[in-house]
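So the chains spell out like this:
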Amino acid sequence: MAKTLAILPAAQLAPLAEAYRAAMAVKRRWTIGGLAVLAVCTALSVWAGQVDIVKFWSGLPRFASYFHDILPRLRFETFAADMAEWFWNLDGWLGLLWDTLLVAYVGTLAGAMAGFVLCFLASANLTRSPVVRILARRSLEFGRTFPEIVFALMFVYAFGFGPMPGVLAIAIHTAGALGKQFSEVVENVDMNPVEGLTASGANYVEAIRFGVVPQVLSNFVSYSLLRFEINVRGATVLGFVGAGGIGKELISSIRQFYYADVSAILVIIIGTVFLIDWLTEMLRHRLLGIEGGAR
């Protein structure tokens, strides 16, 4: 049976069409206004940052030539010998890389544990006390406000050179970053299990343990793995200020113009980051897949 489409009279269509045109006009004005604000902010940023397009284009060839200079000469007939000369200190660099990985791991683990504790206190749906919630949120904000290198400089001044400043710097920043992400996950959980546990006599810790953690654990682990990947790169940079690891060797080679050593260390770091990214991505996907399958 064919359906007929009712057509409103022109007298009724006119107000609707006028309202639609007015709504679209408002939307266009907001869009144009937003683009104008973006253009003004971009222009102010260019002016404040003293961006020089001419200098940028003239410096690009020198930037490319630096990478050309640090790459070694690899010849087909002596490829094995050239590679051995290029990675002449492979054992030492791998040892320093292992230190960097340990700094990133311990810092990530400590920061994730601190963020795990504070995220529940910072969540509006679990913590009714505004004082506790504000203190927890301000603590997380303090941890992630300053870059790791700032904390590392302060800890190097306090404790001297070595891995400890790097671990502490990464732990504080990781606690702030992961605590914020964890709290946002917690605020989106289903509160029915929590309310049921509370009604049956469970205390605050028990309600979180059995009503919240099972819902958010896979997301917490996924975020922590991603943060570990980020912290490996961060731990490398912290070596520039004496916080241990392969970063110290890299900055030393740069300052002494040991171009072949610079490229070799960069290749090792890049390969390690690629490997960690691949492994953590597989783990994150598996965790999310298990969560999806359970549902």
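Novice: Describe the packing of aromatic side chains, and please don't skip the residues or the numbers.
Specialist: For any pair of aromatic rings, geometry is given as the distance between the ring centres together with the angle between the planes. Applying the stated criterion across every chain yields a total of 15 aromatic pairs. Summarising the aromatic geometry, the rings of Trp-86 and Phe-87 are spaced 4.7 Å apart at their centres and angled 50 degrees between planes, so their arrangement reads as tilted. Under the relative-accessibility criterion, Phe-87 is labelled buried at 18%. When the ring of Phe-116 is compared with that of Phe-120, the centres are 5.0 Å apart and the planes differ by 90 degrees; the resulting orientation is edge-to-face. Taken together, the positions of Phe-116 and Phe-120, both in helix α4 (residues 90-121) and 4 residues apart, correspond to about one turn of that helix. Judged by relative accessible area, Phe-120 falls into the buried class, the value being 5%. Aromatic ring contacts, followed pair by pair, group Phe-63, Tyr-66, Phe-67, Phe-257 and Tyr-259 into a single cluster.

Novice: So what about helix α2 (residues 53-70)? Which residues, and what values?
Specialist: Helix length check: α2 (18 residues) gives 26 Å between terminal C-alpha atoms against 26 Å at 1.5 Å per residue, within 8%. The largest bend in α2 comes to about 35 degrees, at Gly-59, with the proline Pro-61 one to four residues further on. Measuring from the backbone nitrogen of Val-54 back to the side-chain oxygen at the start of α2 gives 3.1 Å, which picks out Asp-52 as the cap.

Novice: Help me get a handle on the nonpolar core, residues and values and all.
Specialist: The nonpolar side chains of a soluble globular protein tend to be buried with one another. Within the largest apolar cluster, 17 residues are counted, with the highest numbers of intra-cluster contacts made by Phe-120, Leu-126, Val-186, Val-212 and Phe-220. Going through the elements one at a time, α4, α7 (163-186) and α9 (204-238) are the ones with two or more residues in this core. At 6 residues, α9 tops the list of elements feeding residues into this core. Not counting residues up to four positions away in its chain, the partners in contact with Val-186 are Cys-119, Phe-120, Ser-123, Asn-125, Leu-126, Val-212, Val-216 and Phe-220. Grouped together as the second largest cluster of nonpolar side chains are 16 residues, Leu-101, Val-103, Val-232 and Ala-235 included.

Parameters and conventions
In this convention, every chain numbers its residues from 1, walking through the sequence in written order. For this predicted model, a pLDDT threshold of at least 70 governs which residues receive local features, and a threshold of 80 or more governs which side-chain atom pairs are given and counted, while totals over whole chains, interfaces and linings are taken from all residues. As a convention, hydrogens and water are excluded, and side-chain values are obtained from all of the structure's heavy atoms. The aromatic pairing rule takes the rings of Phe, Tyr and Trp, using the six-membered ring of Trp, and pairs them if the centres are within 6.5 Å, calling planes under 30 degrees apart stacked, those over 60 edge-to-face and the rest tilted. Classification of residues uses two cut-offs on accessible area relative to the type maximum, computed with a 1.4 Å probe and protein chains only: under 20% is buried, over 50% is exposed, and between them is partly exposed. Each helix is a run of DSSP H or I of at least 4 residues and each strand a run of E of at least 2, with the numbering of both proceeding from the N terminus. Helix span, as expected, comes to 1.5 Å for every residue beyond the first. To get the bend at a residue, fit one axis to the 7 residues ending there and another to the 7 starting there, then take the angle between the axes. Residues adjacent in sequence count toward polar contacts only when both atoms are side-chain atoms; beyond that, a polar contact is any pair of N or O atoms within 3.5 Å, and within protein one must be able to donate a hydrogen and the other to accept it. Here, nonpolar core means buried Ala, Val, Leu, Ile, Met, Phe, Trp, Tyr and Cys residues that are tied together by side-chain atoms lying within 4.5 Å of each other. We call two residues in contact whenever any of their non-hydrogen atoms come within 4.5 Å of each other.

That's the geometry; what it means functionally is another story.
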